[in-house]
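# Observations on the three-dimensional arrangement
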Amino acid sequence: MTSESVEIEIPQPATSAPQFTQLFSATRRGARLARLLAVEQLVAWGWPRDSERIDAAALVVAELTANAVLHGRLDGRGFRLGLALLPSGRLRIEVTDPRGERRPTASPEAVEGGRGLIIVDALAVQWGVDTYPPSAKTVWAEVSATRPGSR
Ligand SMILES: Nc1ncnc2c1ncn2[C@@H]1O[C@H](COP(=O)(O)OP(=O)(O)OP(=O)(O)O)[C@@H](O)[C@H]1O
Ligand SMILES: [Mg+2]
């Protein structure tokens, strides 16, 4: 009996990108907690605590969660923070709030207010808003893990 060598492809488990997601109350305290936990998660992923990139990420988390609490709040509902390290090397920050019908209105020329999204725009490689069915929305921003503020 002759033996033939047969090549079998063994399916490899998909390497999932590091991810973090948590619900918070839609309060200033909830937003503060979200920022603190985001920093701890990034430190757990190996980001140096005293680094420009962790400061940049924390600032984006702070502005997006403050907006979720101030402008995207619905009684009895919280907001959700998601973090993911993308294969591209970027950190994706997602903040989901229940007010899908109210959208961020970023205007770089805004004279009053609108400071938060100007900061996000300056620090993020890109940012945007997605519908989160059925009635919520996710405001997301991707920041460079290597060169914060770079495009
Ligand atoms: N999550 C959100 N849901 C609904 N509207 C939002 C949300 N985020 C931002 N907006 C709208 O976009 C505007 C601009 O947001 P931005 O964070 O730049 O400014 P601000 O929150 O008004 O003031 P600041 O951040 O300077 O304290 C807000 O005034 C609000 O009308
Ligand atoms: Mg704001």
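Up top is the structure these notes are about.
A brief look at the structure comes next. (Residues numbered from 1 in each chain as written. Chains lettered and ligands numbered in written order. Predicted model: local features only at pLDDT ≥ 70, side-chain atom pairs only at ≥ 80, totals over all residues. Heavy atoms only, no water.)

### A closer look at the overall build of the protein
Looking only at helices and strands, one finds 3 helices and 5 strands in the protein. In sequence order, the secondary structure elements of the protein are arranged as β-α-α-β-β-α-β-β. Expressed as a percentage of its 151 residues, the buried residues of the protein come to 38%. Nonlocal contacts in the protein, meaning residues at least 24 apart in sequence, comprise 63% of its contacts between residues at least 6 apart. About 9,600 Å² of surface is accessible on the protein, with carbon and sulfur atoms providing 53% of the total. (Helix = DSSP H or I, 4+ residues; strand = E, 2+ residues; numbered from the N terminus. Buried < 20%, exposed > 50% of the residue type's maximum accessible area, 1.4 Å probe, protein only. Contact = heavy atoms within 4.5 Å. Areas by Shrake-Rupley, 256 points an atom, 1.4 Å probe, with all protein chains shown as cover.)

### Considering helix H3 (residues 115–123)
Listing the buried residues of H3 in full gives Gly116, Leu117, Ile119, Val120 and Leu123. The arc that holds every buried residue of H3, seen down its axis, measures 155 degrees, which confines them to one face. (Arc of directions from axis to C-beta.)

### Comments concerning the packing of aromatic side chains
For the coordinates displayed, the defined rule picks out 1 aromatic pair. Positioned above the aromatic ring of Trp47 is the side chain of Arg53, whose terminal nitrogen or guanidinium carbon lies 4.9 Å from the ring centre. (Phe/Tyr/Trp six-rings, centres within 6.5 Å; stacked < 30°, edge-to-face > 60°. Lys NZ or Arg CZ within 6 Å of the ring centre and 35° of its normal.)

### What to know about the layout of surface pockets
If you add up the space inside the largest pocket, you get close to 420 Å³. Forming the walls of the largest pocket are 20 residues, and the residues nearest its centre are Asn67, His71, Pro104, Thr105 and Leu117. Only helix H2 (52–70), strand E3 (90–97), H3 and strand E5 (136–144) provide two or more residues apiece to the lining of the largest pocket. Here the element with the most residues in the lining of the largest pocket is H2; it accounts for 6 residues. (1 Å grid on protein atoms, 1.4 Å probe; cavity = no way out; pocket = protein on both sides within 12 Å on 5 of 7 lines; lining within 4 Å. Points joined across faces, edges and corners; volume = space filled by probe spheres on them.)

### Let's talk about the site of ligand 1
Near ligand 1 you find 14 residues, and of these Asn67, His71, Asp97, Leu117 and Lys137 are the closest. Here an oxygen atom of ligand 1 and a backbone polar atom of Arg115 are 3.1 Å apart. When ligand 1 is considered free in solution it has 580 Å² of accessible area, and contact with the protein chains removes 79% of it. Mapping ligand 1 onto the cavity grids shows that it belongs to the largest pocket. Going through the elements one at a time, H2 and H3 are the ones with two or more residues in the shell around ligand 1. Per element, the largest residue contribution to the shell around ligand 1 is 3 residues, and it comes from H3. Partitioned by chemical class, the residues of the shell around ligand 1 number 2 nonpolar, 6 polar and 6 charged. (Near = heavy atom within 4 Å. Polar contact = N/O pair within 3.5 Å; in protein donor to acceptor, adjacent residues only side chain to side chain. Sits in = over half its atoms within 2 Å of the grid points. Nonpolar A, V, L, I, M, F, W, Y, C, P; charged D, E, K, R; others polar.)

### Describing the side chain of Thr138
When you line up the elements, Thr138 lands in strand E5. Contacts of Thr138, omitting those with residues within four sequence positions, involve Glu94, Val95, Thr96, Gly128, Val129, Asp130 and Tyr132.

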